[in-house]
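# Observations on the three-dimensional arrangement
Now for the letters of each chain:
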Amino acid sequence: MTVMSYRDAVRGAIREAMQSDPRVFLMGEDVGHYGGCYAVSKGLLEEFGPERIRDTPLSESGFTGAGIGAAMGGLRPIVEIMTCNFSLLALDQIMNNAATIRHMSGGQFNVPVVIRMATGGGRQLGAQHSHSLEGWYAHIPGIRVLAPGTVADAGGMLAPALDDPDPVLIFENALLYNDTADVDWPASVDIDHAAVRREGTDISLITYGGSLGKTLAAADQLAAEGISAEVLDLRVLRPLDEDAILATVARTRRCVIVDEGWQSGSISAEIMARIIEKGFWYLDAPLARVCSKEVPIPYAHHLEEAALPSITGIVEACRAVLGR
Amino acid sequence: MPSLGSDMEAGILVEWMKQQGEKVSRGDIIAVVETDKGAIEVEVFEDGTLAELLVQPGEKVPVGTPLARITGPKDTASTERRHASAPAPTPAVPMPTVSSVQGAEAAIQPPTVTTLAEGSRATPAARLLASERGIDLALVKGTGPDGSIVRRDIEEAAPRAATVPDLEPMRRAIAAAMSRAKRDIPHYYLGHSFDVSQAVQWLDAYNAAHPPQERLLLGALTLKAVALALKDFPEFNGFYGPDGFVPASAIHIGTAIAMRGGGLAAPAIHNTDTLTLAELMERLRDLIGRVRKGGFRSSEISDPTITVSSLGDRGVDMLLPIIYPPQVAIIGFGSVAPRAWAIEDAVAVRPVLTATLAADHRASDGHRGALLLRRIGGLLDTPEDL
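Quick caveat, the model's predicted, so the values are computed rather than measured.

## Brief notes about the overall build of chain B
In terms of helices and strands, chain B carries 9 helices and 19 strands. Within chain B, buried positions represent 35% of all 386 residues. In chain B, the proportion of contacts linking residues at least 24 apart, taken out of those at least 6 apart, comes to 58%.

## As for the overall build of chain A
Of regular secondary structure, chain A possesses 13 helices and 14 strands. Taken across its 324 residues, chain A has 53% of its residues classed as buried. If you take every contact in chain A between residues at least 6 apart in sequence, the share linking residues at least 24 apart comes to 78%.

## Structural notes on the sheet that holds strand S2 (residues 23–24) of chain B
Taking strand neighbours across the sheet as the criterion, the 3 strands line up as S2-S5-S7 (chain B) in an open arrangement whose pairing is antiparallel. Single-partner strands in this sheet number two, and they are S2 and strand S7 (68–71) of chain B.

## As for the environment of isoleucine 12 of chain B
Residue and element names in this part refer to chain B. Inspection of the secondary structure assignment puts isoleucine 12 in strand S1 (residues 10–16). Under the C-beta neighbour-count criterion, isoleucine 12 is labelled partly exposed, with 18 such atoms within 10 Å. The spatial distance from the C-alpha of isoleucine 12 to the C-alpha of threonine 35 is 6.7 Å, given a sequence separation of 23 residues. Apart from the residues within four sequence positions on either side, isoleucine 12 is in contact with Val33, Glu34, Gly58, Glu59 and Lys60.

## Thoughts on the environment of arginine 172 of chain B
Following the sequence through the fold, arginine 172 of chain B ends up in helix H4 (residues 168–184). Through-space distance from the C-alpha of arginine 172 of chain B to that of glycine 263 of chain B is 9.9 Å; in sequence the pair is 91 residues apart.

## Focus: the nonpolar core
In terms of nonpolar packing, the biggest core is built from 118 residues, with Leu146, Val256 and Cys318 of chain A touching the most fellow members. Of the residues forming this core, the biggest block, 7 residues, is contributed by helix H1 (residues 6–20) of chain A. Residues within four places of cysteine 318 of chain A in sequence aside, it is in contact with Ile203, Leu222, Ile227, Ala229 and Val256 of chain A. One finds Met1, Ala31, Ala225 and Ile253 of chain B within the second-largest nonpolar core, a separate group that totals 64 residues.

## What about the pairing of strand S2 (residues 24–28) of chain A?
Residues and elements named next belong to chain A. Burial of S2 is extensive: 5 of the 5 residues sit out of reach of the surface. Of the two faces of S2, the one lined by Val24, Leu26 and Gly28 and the one lined by Phe25 and Met27 are each fully buried. Where S2 meets strand S3 (residues 53–55), 3 bridges bridge the pair, whose relative direction is parallel. Of the residues in S3, the one forming a bridge with methionine 27 is arginine 54.

## Comments concerning the packing of helix H10 (residues 242–252) of chain A against helix H11 (residues 267–279) of chain A
Residues and elements named next belong to chain A. Direction vectors running N to C along H10 and H11 enclose 70 degrees, while the axes themselves pass 10 Å from each other. Taken together, H10 and H11 sit at an angle that is classed as roughly perpendicular. Handedness of the H10/H11 crossing: right-handed. Counted together, Glu242, Ile245, Leu246, Val249 and Ala250 of H10 and Ile271, Arg274, Ile275, Lys278 and Gly279 of H11 form the full contact between these two elements.

## Notes on the confidence of the model for chain B
Low pLDDT means the predicted coordinates in that region are not meant to be read closely. Residue and element names in this part refer to chain B. In the predicted model, chain B carries a mean pLDDT of 81, and 83% of its residues have values of at least 70. Least confident of the elements in chain B is helix H1 (residues 76–85), whose mean pLDDT is 40; most confident is strand S17 (residues 329–333), at 95. For residues 75–114, every residue scores under 50 in pLDDT, and the model assigns this stretch 54 contacts once sequence neighbours within four places are set aside. Interface confidence in the predicted complex, given as ipTM, is 0.74; pTM for the same model is 0.56.

## Details of the sheet that holds strand S6 (residues 144–146) of chain A
Residue and element names in this part refer to chain A. Sheet architecture is open: 7 strands sit in the order S3-S2-S4-S5-S7-S6-S12, paired in mixed fashion. On the outer flanks of this sheet lie S3 and strand S12 (236–238), each paired with one strand and no other. Strand after strand, the sheet turns through a mean of 20 degrees between neighbouring axes, direction not considered. Relative to S12, S6 runs antiparallel, the two being bridged by 2 bridges. Opposite valine 145, over in S12, you have arginine 238 as the bridge partner.

## A few points about the packing of helix H3 (residues 60–72) of chain A against helix H4 (residues 91–98) of chain A
Residue and element names in this part refer to chain A. Across the interface, H3 lies against H4 with an axial gap of 8 Å and an inter-helix angle of 25 degrees. With respect to each other, H3 and H4 are oriented roughly parallel. When the axes of H3 and H4 are compared, the crossing they make is right-handed. Note on element contacts: H4 touches H3 through Asp92, Gln93, Ile94, Asn97 and Ala98, opposite Ser61, Thr64, Gly65 and Ile68.

## Considering unusual backbone geometry
Tryptophan 185 of chain A connects to proline 186 of chain A through a cis peptide bond whose omega is 0 degrees. Among the structural elements, proline 186 of chain A can be located in the loop between strand S8 (180–183) and strand S9 (195–198). For the bond from proline 325 of chain B to proline 326 of chain B, the omega torsion is 5 degrees, close enough to zero to count as cis. With respect to the helices and strands, the residue proline 326 of chain B is situated in the loop between strand S16 (306–310) and S17. You will see that alanine 39 of chain A, though not glycine, has its phi angle at about 60 degrees, which is positive. Using a count of 13 C-beta atoms within 10 Å as the deciding quantity, one classes alanine 39 of chain A as partly exposed. Unlike most non-glycine residues, arginine 253 of chain A shows phi in positive territory, near 70 degrees.

What counts, and where the lines are drawn
Residues numbered from 1 in each chain as written. Chains lettered and ligands numbered in written order. Predicted model: local features only at pLDDT ≥ 70, side-chain atom pairs only at ≥ 80, totals over all residues. Helix = DSSP H or I, 4+ residues; strand = E, 2+ residues; numbered from the N terminus. Buried ≥ 20, exposed ≤ 12 C-beta atoms within 10 Å, placed from the backbone. Contact = placed C-beta atoms within 7 Å. Pairing = 2+ DSSP bridges. Core = buried A, V, L, I, M, F, W, Y, C linked by C-beta atoms within 7 Å. Axes fitted to C-alpha atoms, helices over the stretch in contact; angles between N-to-C directions. Parallel < 35°, antiparallel > 145°, perpendicular 65-115°, else oblique. Left-handed = near helix turned anticlockwise from the far one by under 90°. pLDDT = per-residue confidence, 0-100.

As structure tokens, then:
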């Protein structure tokens, strides 16, 4: 067991991938000399050199496209986009190229690219740096969308993502980089299944990524009130682990979904729809959601706090569902 | 699923009397359904072929659900069209095949019927369990948010439901209908006693001339007298609905018959006024026999336009009956007993019968009710004309 931070785990995973496979390289804005804007790649330029740790211009569409081309040509690129807010410049490359080429070429070309990006708010960086857009990407067939919410997943998801012959997007909530945990290293996890992080009998809390910690804290508070909450960490937003979702709802018959994304047309809406479609007769209460308020995430600290899901908000939603 | 009473919401198909593909014609008994009132035979109202059975024996479905599809004798196109526009039957919602959910949970079926009052709430899980355990949601008190019925409420209701005797559905049906009558219908009551020596003498003579199986009971005469009298008193023969009183176009007298094991039913003798006394007696015998076995037909139970209740053979002088909604009148006959009867200035012993009328004051007034009772008495004075 090793005590390490979420940031260390991501860096460790990149280092091991580069050590074990010469086709792997990292590129993105400030990943080299600056060490990454979240210091994830600090020290890697010195270790692996400028050929494999490549600083790029401020051109998300350009370098993401380059990564897709490199993947088609046989390399295993890790593309880092500073935040998901900027990834919209590369959305054309991700959706029209990465996600489609295997299908449009009749299987002749795979695109084994991994695109990492930071997501989420809570750091007073303003609306253009604070949104959670992973739910949008989960809409797109042809890609896999991962949301590591634990240190072990942060360290363990990269290797299977690189092994996947199709594009994989990894959303790292920026508030998690300083989280530390005692983990088995090297971390070994799958990128197919959701995980029950806490077992319970009264209500299921379904969440992922940056909201996992808040949700577990809310479950602790609920336990003190005699409410036994189960916490399901989705881990994979596409394809959704529908069996795990339906199984937890079948156990507890009540469900609150916690998602830092906006709720309209969101991944939380999709989860609710699947529960209604396939788990309707399990339900002993209406479903509920705790999402970000439907505003551009504010800069002012108190407004930003009010806009994002909170532990108190989750606890209150659970009480309402249970009628307590 | 036909409505076999104003308070019926659902019925269980017990068995099909015809097979798929068999030809059926109007009046055939095609199925037996179980309701709160007992097992009832369902007639078909069309000629054709039983093309498709849509409900399987044992299924409980709401009133109005198509039970089968009948294709007409002529064009199949019209029946296809009818089928396409008919309201969809209770959808067979497929359940998820969740591999990680073990045991009975994985095999659960959606409930096919609920009996919850409008405005009340029950969760899907509560409805499902209630359906599995045969618990009427309307009788469960909800303890969930906003008074909603949750699964725990059904779990706790279960032991009570298990101790209820078999008679309960019938008792409940009677309770519901009679409570509704007493709550909604402003009853007025009239009573009239009359000398029935003419009828009794005529009956004795008639019966002496006929073999036992053809003999008449006084009940046949009173039924016929009521039917004939009603022709001139349409405000007592019909239904009171949302739009007020609507007189019926025919006279179908419901006859209250006690059932074995308790409870009662009042199925109709159709077009009572057009039957001869012999025909009426035959229908009455047939009906009593079938009701005691619990096997009356759908049209018999849903069609009565007025009810007659005779408790004479129980030895009571008179009864004050309760109207069976949405009917607007019920006539009761007590026993025929020898009484001291004043005739002009002398007293004689005569067979006397007391008839009572309970009528809905929204549809008629006491003046007309009194005339109706007098007319019945008058008709019994000339039994040869009945």
